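# Commentary on secondary and tertiary structure
Now for the letters of each chain:
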Amino acid sequence: MTRCTLYILMPICIVYTLFLVSQGMPQTLGAYVDATTLEGGKQTIAVGPVASQVAIKMLGTNGGGFFNANARIPLRIPTRCRISCR
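Structural notes, computed from the coordinates. Note that the structure is a prediction, hence the values are computed from the model and not measured. Residue numbers run consecutively from 1 along every chain, following the written order of its sequence. Local features in this predicted model are restricted to residues whose pLDDT is 70 or higher, and side-chain atom pairs enter the listing and the counts only when it is 80 or higher, whereas totals over whole chains, interfaces and linings include all residues. With hydrogens and water excluded, all non-hydrogen atoms of the structure serve as input to the side-chain values.

This brings us to helix α2 (residues 50-60). Only protein chains enter the accessibility calculation, which uses a 1.4 Å probe; a residue whose area is less than 20% of its type maximum is buried, one above 50% is exposed, and one in between is partly exposed. A run of H or I in DSSP becomes a helix once it reaches four residues, and a run of E becomes a strand once it reaches two; helices and strands are each numbered from the N terminus. Within the span of α2, buried status applies to Val-50, Ala-51, Ser-52, Val-54, Ala-55 and Lys-57. Residues of α2 that are buried sit in contact with α1 (2-22). Note on contacts: a residue pair is in contact if any heavy atoms of the two residues lie within 4.5 Å.

Our focus in this paragraph is the nonpolar core. Membership of the largest hydrophobic core is limited to 7 residues, which are Leu-20, Met-25, Val-50, Ala-51, Val-54, Ala-55 and Phe-67. With 4 residues, α2 is the single largest residue contributor to this core. Side-chain atoms within 4.5 Å link the members of a nonpolar core, which is a set of buried Ala, Val, Leu, Ile, Met, Phe, Trp, Tyr and Cys residues.

Exposure above 30% relative accessible area and the absence of a salt bridge qualify a residue for a patch, where like charges join within 9 Å and nonpolar side chains (Val, Leu, Ile, Met, Phe, Trp, Tyr) within 5 Å. Only the protein chains shown count as cover for residues, and the accessible areas themselves come from Shrake-Rupley with a 1.4 Å probe. Salt-bridge detection follows one rule: a side-chain nitrogen of Lys or Arg within 4 Å of a carboxyl oxygen of Asp or Glu. A grouping of Leu-6, Tyr-7, Ile-8, Leu-9, Met-10, Ile-12, Ile-14, Leu-18 and Leu-59 is seen on the molecular surface, where their side chains present a nonpolar patch of about 880 Å² in accessible area. Here the nonpolar patch gets 8 residues from one element, more than from any other, and that element is α1. Tracing the chain through its elements places Met-10 in helix α1. Residue class for Met-10 comes out partly exposed when judged on its relative accessible area of 42%.

The structure is reproduced here in structure tokens:
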């Protein structure tokens with residue numbers, strides 16, 4: 001079990017995490033980012049180690065994910081198709 005985890009599952013998760021980061025998914029150690037909306041209001045956006053958690057979730061199919069919304073938030077994969085094709 002340890003060899004399977006270290007030699008098979010971990011490299012797959014690392015490669016998938018790098019792919020998700022290249023697509024624009026957040027992968028930081030910061031807690032929140034404050035943004036200004038187009039109307040001039042303030043918005044707090046949660047960021048963190050999202051890509052690595054989603055890679056593990058997708059490979060193991062075990063649960064809700066980083067944002068506790070189980071893949072129902074646009075920041076999960078913020079590519080143009082995910083946001084505009086809904």
